[in-house]
Amino acid sequence: MAAVCCMTVVSCSDDDDVDSKTVEGSQQALDEACAQWKKARADWENTEAFLFGAADEYSIDPHTDTWPVDQTALANILRDNSVMGDIQNKVRTMNSGVLGYHGIEYVLFREGKARDISQLTNLEYTYVCAVARDLYQATCVLETTWSGASSGERYNETMDYLKTHSKLDDDGDVTNEGLSYFNFGKDFKTPGGSYETALDATIEIIEGARDIISEVGGSKIGLPYTGEDKSYIESPYAYNSIIDFYDNIVSCKNALYGSKGATTPNEKSLIYFCLNSNNNTLKSAAEDVQKKLDAALKAINGMKAPFALCYTDTSVKSAIDALDELDGSLESLSEKLQGFAADKTVQAQCQVINENYVDNVIVATYRSLCDNAYALYNAIIKIKK
């Protein structure tokens, strides 16, 4: 089918009464900020197989990754002197539709490329600096509450964030419910807390992967493809959608294979255990997951780009079908594993899997995420001379 474009872009500050002076900066610096946004974005998408825990409890997923951007609301914010005069604090209580990765993306990119520096206003620059600072703090929360840190710069940033932010409701609006520090890594590793047994936590690894697989296939790709919601396109200004989808499934591969950037299952991973458990049922299920995982990544990589313009292409349906099959294979693996709930040997091995998962997947990914979010913040600051 023919490619369709559904995006319209509202100017952030086009009223006569608004300061529309442009930034005195270099195109090279803006280009570098865009390149860093893509690095930071990849790290975030690599976390989406484990959006339970801190990302959910502290509403960090919606706070930093809501789309589409509410362009009208953002334009109104830039016209409001009372808000812009205290933007560093105001971003903490804004609706999530103007914040995070996509709020930054909207300011920095147009049609897959860095904006012309001559179009970037001082108001937009001030705004995007504040959003990037807030984003960095949010990533500190993810890293420290999973690692269990109790001191250091990122711990301090975390405590500041928790004191000044609140949970969000389903519409992305701030509630009156405050936030407090919790050690999610210790909780995941320790049976009897949020997870009654070690196997229960291991099953969460699978369910976390299934959640994002379902979202990518059914919503991120599926809603635009079917025409149910043509505006539901992730990263449309940077034309980064397909990369986002691919990195989401990479996050599942990392989770199942037991390390960040995994190419093969490590010895403490869920898939390795199933492949080497001397149980043909588990081995067969794990092999099917591997096959379907590779097929889904290949199908996403084969989608016609950019997705923002080509979301009705036939290659999109191929990716949706491959994701459905991957989800089915993980459902089957989960069901088979749950049959071993009374097996003490399996429970002991799940404990090993869970500890490795926290340390070498979740914490390692969040640490990289935080590093690149900080680099993004600094790259954005440097746009202005």
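Residues numbered from 1 in each chain as written. Predicted model: local features only at pLDDT ≥ 70, side-chain atom pairs only at ≥ 80, totals over all residues. Heavy atoms only, no water.

(A) Summary view of the overall build of the protein. Within the protein one finds 18 helices and two strands. A compact globule built from 385 residues should have a C-alpha radius of gyration of about 21 Å, and the protein, at 21 Å, falls within 12% of that. Oriented by its inertia axes, the alpha-carbon framework of the protein measures out at about 70 × 55 × 35 Å. For the protein, the exposed area adds up to about 16,000 Å²; of that, 44% sits on carbon and sulfur atoms. The positive charge centre, built from 34 side chains, and the negative charge centre, built from 59, are 6 Å apart in the protein. (Helix = DSSP H or I, 4+ residues; strand = E, 2+ residues; numbered from the N terminus. Rg over C-alpha atoms; globule rule 2.2 N^0.38 Å. Areas by Shrake-Rupley, 256 points an atom, 1.4 Å probe, with all protein chains shown as cover. Lys, Arg positive; Asp, Glu negative; His and termini not counted. Charge placed at Lys NZ, Arg CZ, Asp CG, Glu CD.)

(B) Summary view of the state of the cysteines. Within this structure, the stated rule accounts for zero disulfides. The structure places no disulfide on Cys140, whose sulfur is separated from the nearest cysteine sulfur, that of Cys370, by 3.5 Å. A residue is classified by how much of its surface remains accessible, and Cys140, at 0% relative accessible area, is buried. For Cys274, which is in no disulfide, the shortest distance to another cysteine sulfur is to Cys350 and amounts to 8.3 Å. (Disulfide = S-S within 2.5 Å. Buried < 20%, exposed > 50% of the residue type's maximum accessible area, 1.4 Å probe, protein only.)

(C) Molecular detail of the confidence of the model for the protein. When pLDDT is averaged across the protein, the result is 94; 95% of the residues are at 70 or more. Contacts for the low-pLDDT stretch residues 1–8, under 50 throughout, to residues beyond four places or in other chains number 24 contacts. (pLDDT = per-residue confidence, 0-100. Contact = heavy atoms within 4.5 Å.)

(D) How the structure looks around a negative patch on the surface. A cluster of acidic residues, Asp169, Asp170, Asp171 and Asp173, forms a negative patch at the surface. By secondary structure assignment, the location of Asp173 is in the loop between helix 9 (153–164) and helix 10 (184–189). (Patch = residues over 30% accessible without salt bridge, like charges linked within 9 Å, V, L, I, M, F, W, Y side chains within 5 Å. Salt bridge = Lys/Arg side-chain N within 4 Å of Asp/Glu carboxyl O.)

(E) Seen up close, the pattern of salt bridges. Applying the stated criterion across every chain, the model contains 21 salt bridges. One salt bridge in this structure joins Arg41 and Asp65, with 2.7 Å as the shortest N-O distance. In this pair, Arg41 sits in helix 1 (residues 27–45) while Asp65 sits in helix 3 (residues 60–65), placing the two residues 24 residues apart along the sequence. The exposure class of Arg41 is buried, given its relative accessible area of 0%. A salt bridge links Lys167 to Glu57, with the shortest nitrogen-to-oxygen separation between them at 3.5 Å. Pair noted here: Lys167 is in the loop between helix 9 and helix 10 and Glu57 is in helix 2 (residues 54–57), with a separation of 110 residues, a long-range link. Note on Glu57: relative accessible area 34%, which makes it partly exposed. Bridged by salt links that share partners, the residues Arg41, Glu45, Glu48, Asp65, Lys220, Glu234 and Asp244 form one connected network.

(F) Spotlight on the packing of helix 8 (residues 122–147) against helix 18 (residues 344–381). Two numbers describe how helix 8 lies on helix 18: the axes approach to 8 Å, and their chain directions differ by 160°. Taken together, the axes of helix 8 and helix 18 lie roughly antiparallel to each other. Along this stretch, helix 8 crosses helix 18, giving a crossing that reads as left-handed. (Axes fitted to C-alpha atoms, helices over the stretch in contact; angles between N-to-C directions. Parallel < 35°, antiparallel > 145°, perpendicular 65-115°, else oblique. Left-handed = near helix turned anticlockwise from the far one by under 90°.)

(G) Main features of the packing of helix 11 (residues 198–220) against helix 18. Contact geometry of helix 11 with helix 18 gives a least axis separation of 8 Å together with a crossing angle of 50°. By the criterion of interaxial angle, the relationship of helix 11 to helix 18 is oblique. The two elements helix 11 and helix 18 meet at a crossing, and its hand is left-handed. Of helix 18, the residues touching helix 11 (which contributes Ala198, Leu199, Ala201, Thr202 and Ile205) are Gln347, Cys350, Gln351, Ile353, Asn354 and Tyr357. For the contact of helix 11 with helix 18, the residue count by class is seven nonpolar, four polar and no charged. (Nonpolar A, V, L, I, M, F, W, Y, C, P; charged D, E, K, R; others polar.)

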